[in-house]
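Fold and contact review
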2 protein chains.
Amino acid sequence: MNASTGEDDVVLQTTRASLKSWVESANDAKTDFPIQNLPFGIFNGGGSDVRRVGVAIGDWIVDLAALEASRAISVPYTAVDDDGNPKSVFRQKRLNDFVALGRPVWRSLRSQLSALLSTGGGTLRDNVELRERAMVRQSDATMHLPFEIPGYTDFYSSREHATNVGCMFRDPENALMPNWLEIPIGYNGRASSVVVSGTPVRRPNGQRKAPDDARPTYGPSRKLDIELETGFFVGVGNALGTPVQAKDADGNIFGMVLLNDWSARDIQQWEYQPLGPFNSKGFATTISPWVVTMDALSPFRVEQPAQEPEPLGYLFGASRAGVDLELEVLLKPKSADSAKTIARTNFKYMYWTMAQQLAHHTSGGCNTRVGDLMGSGTVSGPESAGQPGVGTFGSLLELTWNGQKPLDVGNGEVRGFIEDGDELTLRGWCQGDGYRVGFGACVGEILPALETADADPVV
Amino acid sequence: MNASTGEDDVVLQTTRASLKSWVESANDAKTDFPIQNLPFGIFNGGGSDVRRVGVAIGDWIVDLAALEASRAISVPYTAVDDDGNPKSVFRQKRLNDFVALGRPVWRSLRSQLSALLSTGGGTLRDNVELRERAMVRQSDATMHLPFEIPGYTDFYSSREHATNVGCMFRDPENALMPNWLEIPIGYNGRASSVVVSGTPVRRPNGQRKAPDDARPTYGPSRKLDIELETGFFVGVGNALGTPVQAKDADGNIFGMVLLNDWSARDIQQWEYQPLGPFNSKGFATTISPWVVTMDALSPFRVEQPAQEPEPLGYLFGASRAGVDLELEVLLKPKSADSAKTIARTNFKYMYWTMAQQLAHHTSGGCNTRVGDLMGSGTVSGPESAGQPGVGTFGSLLELTWNGQKPLDVGNGEVRGFIEDGDELTLRGWCQGDGYRVGFGACVGEILPALETADADPVV
């Protein structure tokens, strides 16, 4: 058997639209977690405070540490700790150890899980005792960051977003910087402040300066914003000095999450020249807890938009490098009972692909490591019409045109930027035939800024 | 006994100029590692390939894992691994575990080591068997990165450097950006590509575009440069949402190293707008292997330069926040037998202090972690006269004014920027009365760029 054909067969087998699970909630057309998905995350709860690796199926989590202990699944390689002793890659508080075992292991496990959870699989379904140990309701679990994240990079790959920002702050006639169509522009973000969905986000204090102020002041950001992004996790690293080729780069990616790149626009505007955004982005970046694998996304790959001029050779990638992934943003004011959708767009509009981002990132020799997170940049679609209050732009900066056109967020409230107590939610899913491969929610509520001795109040 | 007075006493006792060691090479006035220094590093060799914590003394390394195993030293707390089992903080391939035990432990150990290595200390000196196990010649050892580095941030805190760059690329009349005198400007660097002194550095390929070229090309950087910097390691982290106050920030710093922020100027010039440097800095950052503690640097603290305008309140720090630290850069062409000093300056000229950098970094709530590395930014002094070929500027960009005034590097060779085979060395030391607290060398040799299918040759 040809190993790579075997692996491709796994992807085809496990993503069939006709697959059903004996876990009933997984067969709901609206669940984010049908049997075609099988995303990975780190959870605790369900009778144990130990963090461990789980896979989402319908309303449930399958505990891989418990399955492994019962030999209901196995990985073909043994991981070792620093001292060379064998260890379980599933009884871990991070996915890094499992993912470092490599793509053939990811696929072997996917195949085993798909068989175990499909209507034909009896090993888990028919073993009440094992089911009680290995199946945890999502409502009984707490999710944690899926990876220990050695590096976080944020790109800027939506042409529409870059054009909108250029129109607002630079010259509408030359909205795109001269380098934008040649380089998948990116910058290093702050990995330490990446948090998992549900973590409250405190409004940052920082330096802000209006153009006609003599000097800046230090105090709460008055232009707190979201950025609707996706992120991908590196699953196969590269050594320093050894670039990843664009045509091979997809093979180095483990999976994707939703990512909210919270941004303090007033702090950003004053600090960003000449070395880029820093404190305006370093107070929190929220990601969704379930990592949807590239294998699960395989049926939803599409051609990326045409690139003109043709990119330089090192950015020549494989075809079907885009993903048809619906995205939306919801805002719930503290006073409201429910959230309102304020933006809706699709990841397929992104100009630069994930493979091109990774190839560019490593093209000078920079090394990447398992668990590195790469943000897409704000996803803004080509139109911003549609329903009242709903656009295709992925930030309030764009949706309200820097606060000039406040947005109706329901409940009699309008927003230029985010207010304290607002809860922001990102959602995303790939629509299949009768099912969808979803990402779950990426949620954060804004807490008031810390009081500081030298801060002036929010106006 | 008042614990903090006791700790301050430790610093006073262990930095006395009159202290001598029974390790003879430690008493040489020109050694970087007298008994007043006691810097920490990670090494292997001397009969064992296991990486472990060592302290430099003269020409030797004291193996702390061996000392601990013989109970010649002890730490008052026990560290535990992920599973809660006790572990040695010295039999580790990184300093993070030791440093995480906290400042009282650093100082307790410093006191023990000073006593053990001073002329009065017999426990190690008089035990031949222990000395053979615990003392390794530096020439028999290989040094490694001292910390696992969760985050790397690079600042831009020399007024002279920022002014030089502004004069060259922007407006000499307004060389400093409007934000420069208000903010210790910094950006997130790439932690994965930080390497230890001695690691060869491969010239990066990347996009370069001359102003009159229609499009960029991909190929070897033609303007490869150094940046003479220092770096500090965070020894006490802060939680997300909890800023470090400038007056307290020195207490969060464990120690300092020399740092060469290799920079590809042509790649940087084309890529840096609007999100800052990325591939131009992400191919390698070299640090010296020995971390000189803030306790060892205590006698050399000086007032920083006057700051006008007075900084905003959150940047008000303690006094004597500078360090009188001599710095030099040497270049050795492949063809030459010896290196030539091409720059000499002092860290005391830095406008923004380490405490202000850390306070600013965390002022919006960003968290830091033990082992985070913060680069100072290029250290450029106020004058650039002196000996022929020797200036006070910390980069070739400045020393040669963007290549326009090539530098005589000896052996009949001149340099605008770095050529393949050149070896660059940073050195630094604090001059005491009859001794110096030195940093050792920060060295890197440049290897030719990888050949690539679509690269044009170096001109």
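Not measured: the values here are computed from a predicted model. (Residues numbered from 1 in each chain as written. Chains lettered and ligands numbered in written order. Predicted model: local features only at pLDDT ≥ 70, side-chain atom pairs only at ≥ 80, totals over all residues. Heavy atoms only, no water.)

**Topic: the UniProt feature "binding site: substrate" (unreviewed entry) in chain A**
Residue and element names in this part refer to chain A. So the rule is basically this: UniProt positions are given in the numbering used here, feature names are shortened, and annotations may be inferred rather than shown by experiment. Runs of E in the DSSP output that reach at least two residues are strands. Runs of H or I that reach at least four are helices, and both are numbered from the N terminus. Classification of residues uses two cut-offs on accessible area relative to the type maximum, computed with a 1.4 Å probe and protein chains only: under 20% is buried, over 50% is exposed, and between them is partly exposed. In this description, contact between two residues means that some pair of their heavy atoms is separated by no more than 4.5 Å. Side-chain atoms alone can form a polar contact between residues adjacent in sequence; in general such a contact is a pair of N or O atoms within 3.5 Å, and within protein one must be able to donate a hydrogen while the other accepts it.
The feature "binding site: substrate" (unreviewed entry), as given by UniProt, occupies Tyr 156, Arg 170, Gln 268, Tyr 272 and Thr 378 in the numbering adopted here. By the element assignment, Gln 268 lies in helix α7 (residues 265-271). Assessed through its relative accessible area of 15%, Gln 268 is described here as buried. Residue contacts for Gln 268: discarding those within four places in its chain leaves Ser 263, Pro 277, Ser 280 and Lys 281. You can see Thr 378 is positioned in the loop between β24 (373-375) and α10 (396-399). Excluding residues that lie within four positions of it along the chain, Thr 378 makes contacts with Ser 158, His 161, Glu 227, Leu 228, Glu 229, Met 350, Gly 394, Ser 395 and Glu 398. One polar contact links Thr 378 to His 161, side chain to side chain, over a distance of 3.5 Å.

**Here's the deal with the relation of the copies chain A and chain B**
Stated precisely, the cut-off is as follows: A least-squares fit on C-alpha atoms brings the copies together, and the residues used are those whose pLDDT is at least 70 in both copies.
Least-squares fitting of chain A to chain B yields an RMSD of 0.0 Å, with the transformation described by 0.0 Å of translation along the axis and a rotation of 180°. With respect to symmetry, the two chain copies, as superposed, fit the operation of a two-fold axis. Considering only C-alpha atoms, the part of chain A nearest the rotation axis is Gly276(A), at 2.1 Å. A shared interface surface links the copies, since 100% of the contact residues of chain A are contact residues in chain B too.

**Brief notes about the side chain of Arg110(A)**
Residues and elements named next belong to chain A. The following threshold applies: Positive charges come from Lys and Arg alone, negative charges from Asp and Glu alone, with His and the N- and C-terminal ends not counted. Basic side-chain nitrogens of Lys or Arg form a salt bridge, by our definition, when they fall within 4 Å of a carboxyl oxygen of Asp or Glu.
Its place among the elements puts Arg 110 in helix α4 (residues 103-117). One buried charge, Arg 110, has no salt-bridge partner; the nearest side chain with opposite charge is Asp 295, at 5.0 Å. Setting aside chain neighbours within four positions, we find Arg 110 in contact with Thr 14, Thr 15, Gln 36, Asn 37, Leu 38, Thr 293, Asp 295 and Ala 296.

**A look at the pairing of strand β15 (residues 228-234) of chain B**
Residue and element names in this part refer to chain B. What counts, and what does not: By this definition, two strands are paired if DSSP reports at least two bridges between them.
Extensive coverage of β15 is indicated by the burial of seven of its seven residues. The side-chain alternation of β15 yields two buried faces, one formed by Leu 228, Thr 230, Phe 232 and Val 234 and the other by Glu 229, Gly 231 and Phe 233. Here β15 pairs with strand β16 (residues 253-260) via seven bridges, running antiparallel. Its bridge partner being in β16, Glu 229 is matched across the sheet by Leu 259. Where β15 meets strand β24 (residues 373-375), three bridges bridge the pair, whose relative direction is antiparallel. Counted as the bridge partner of Phe 232 is Met 374 from β24.

**Observations regarding the packing of aromatic side chains**
What counts here: In this analysis, rings of Phe, Tyr and Trp, with Trp reduced to its six-membered ring, are considered paired at centre separations within 6.5 Å, and the interplanar angle assigns stacked below 30 degrees, edge-to-face beyond 60, and tilted for intermediate values.
In total, this model carries 26 aromatic pairs over all chains according to the counting rule given. Ring geometry for Trp180(A) and Tyr351(A): centres 5.4 Å apart, planes at 50°, overall tilted. Of this pair, Trp180(A) sits in the loop between α6 (159-169) and β9 (186-188) while Tyr351(A) sits in the loop between β23 (340-346) and α9 (354-362), and the two are 171 residues apart along the sequence. Of the two residues, Trp180(A) and Tyr351(A), both sit in the buried class. Between Tyr218(A) and Tyr314(B), the ring centres sit 4.1 Å apart and the planes meet at 20°, which makes this aromatic pair stacked. You can see Tyr218(A) sitting in strand β13 (residues 217-220) and its partner Tyr314(B) sitting in the loop between β20 (301-302) and β21 (322-323), one on each of two chains. Taking the relative accessible area as the measure of exposure, Tyr218(A) reaches 5% and is therefore buried. Tyr314(B) sits in the buried class, given a relative accessible area of 9%.

**Some remarks on the sheet that holds strand β27 (residues 423-431) of chain A**
Residues and elements named next belong to chain A. Pairing within the open sheet is mixed, and its five strands lie in the order β11-β28-β27-β22-β23. At either margin of the open sheet sits one strand with a lone partner, and together these are β11 (201-202) and β23. Sheet topology note: the strand β22 (residues 326-332)/β27 ladder contains seven bridges and is antiparallel. Counterpart to Glu 328 in the pairing with β27 is Arg 427.

**Thoughts on the environment of Phe417(B)**
Residues and elements named next belong to chain B. With respect to the helices, strands and loops of the structure, Phe 417 is situated in the loop between β26 (414-415) and β27 (423-431). Judged by relative accessible area, which is 9%, Phe 417 ranks as buried. Distance from Phe 417 to Asp 295, taken between C-alpha atoms, is 37 Å for residues 122 residues apart in sequence. Apart from the residues lying within four places of it in its own chain, the contact partners of Phe 417 are Arg 222, Lys 223, Leu 224, Asp 225, Arg 265, Leu 396, Leu 397, Asn 402 and Gly 403.

**With respect to the domain arrangement of chain A**
Residues and elements named next belong to chain A. Using the following cut-off: Note that domain bounds follow an automatic or database assignment of domains. Accessible area that two parts lose when put together, with a 1.4 Å probe and added across both, is what the buried area reports.
Taken domain by domain, chain A holds domain 1 (6-144) and domain 2 (152-447). Taking the mean C-alpha position of each, domain 1 and domain 2 sit 29 Å from one another. Domain 1 puts 29 residues into the contact, and the matching count from domain 2 is 30 residues. Summed over both partners, the interface of domain 1 with domain 2 buries about 2,300 Å², with 61% contributed by carbon and sulfur atoms. Measuring nitrogen to oxygen at the nearest pair gives 3.8 Å for the salt bridge that ties Arg 427 to Asp 32.

**Describing the sheet that holds strand β6 (residues 135-137) of chain A**
Residue and element names in this part refer to chain A. Threshold: Fitted lines through C-alpha atoms give the axes, limited to the stretch in contact for helices. The angle between two N-to-C directions lies from 0 to 180 degrees.
Within the open sheet, the five strands sit side by side as β6-β3-β2-β1-β7. Their pairing is antiparallel. Two strands in the sheet have a free side with no partner beyond their single neighbour: β6 and β7 (141-144). The average angle at which neighbouring strand axes cross in this sheet is 45°, direction not considered. The pairing of strand β3 (residues 60-63) with β6 spans three bridges and is classified as antiparallel. For Trp 60, the partnering residue across the bridge sits in β6 and is Arg 137.

**A look at the confidence of the model for chain A**
What counts here: pLDDT is a residue-level measure of predictor confidence that goes from 0 to 100.
Confidence in the prediction for chain A averages 94 pLDDT; 96% of positions are at 70 or higher. Overall fold confidence for the complex sits at a pTM of 0.96, while the interface term, ipTM, reaches 0.96.

**Digging into the side chain of Thr362(B)**
Residue and element names in this part refer to chain B. As for its placement among the helices and strands, Thr 362 is situated in helix α9 (residues 354-362). Within the structure, the side chain of Thr 362 is placed 3.0 Å from the backbone oxygen of Leu 358, a separation counted as a polar contact. The residues touching Thr 362, leaving out its near neighbours within four places in the chain, are Asn 238, Pro 243, Val 244 and Thr 368.

**Here's the deal with the UniProt feature "binding site: Ca(2+)" (unreviewed entry) in chain A**
Residue and element names in this part refer to chain A. When the UniProt feature table is mapped onto this chain, "binding site: Ca(2+)" (unreviewed entry) is found at Asp 154, Glu 227, Glu 229 and Asp 261. Taken together, the annotated residues stretch across 108 residues yet fold into one region, lying no more than 11.1 Å apart by C-alpha. Checked against the element boundaries, Glu 227 lands in the loop between β14 (224-225) and β15 (228-234). Setting aside its immediate chain neighbours within four residues, Glu 227 contacts Asp 154, His 161, Leu 259, Asn 260, Asp 261, Ser 263, Arg 265, Lys 281, Thr 378 and Gly 394. For Asp 261, the location among the structural elements is in the loop between β16 (253-260) and β17 (263-264). Contacts of Asp 261, omitting those with residues within four sequence positions, involve Tyr 152, Asp 154, Tyr 187, Ile 226, Glu 227, Glu 229, Lys 281 and Thr 285.

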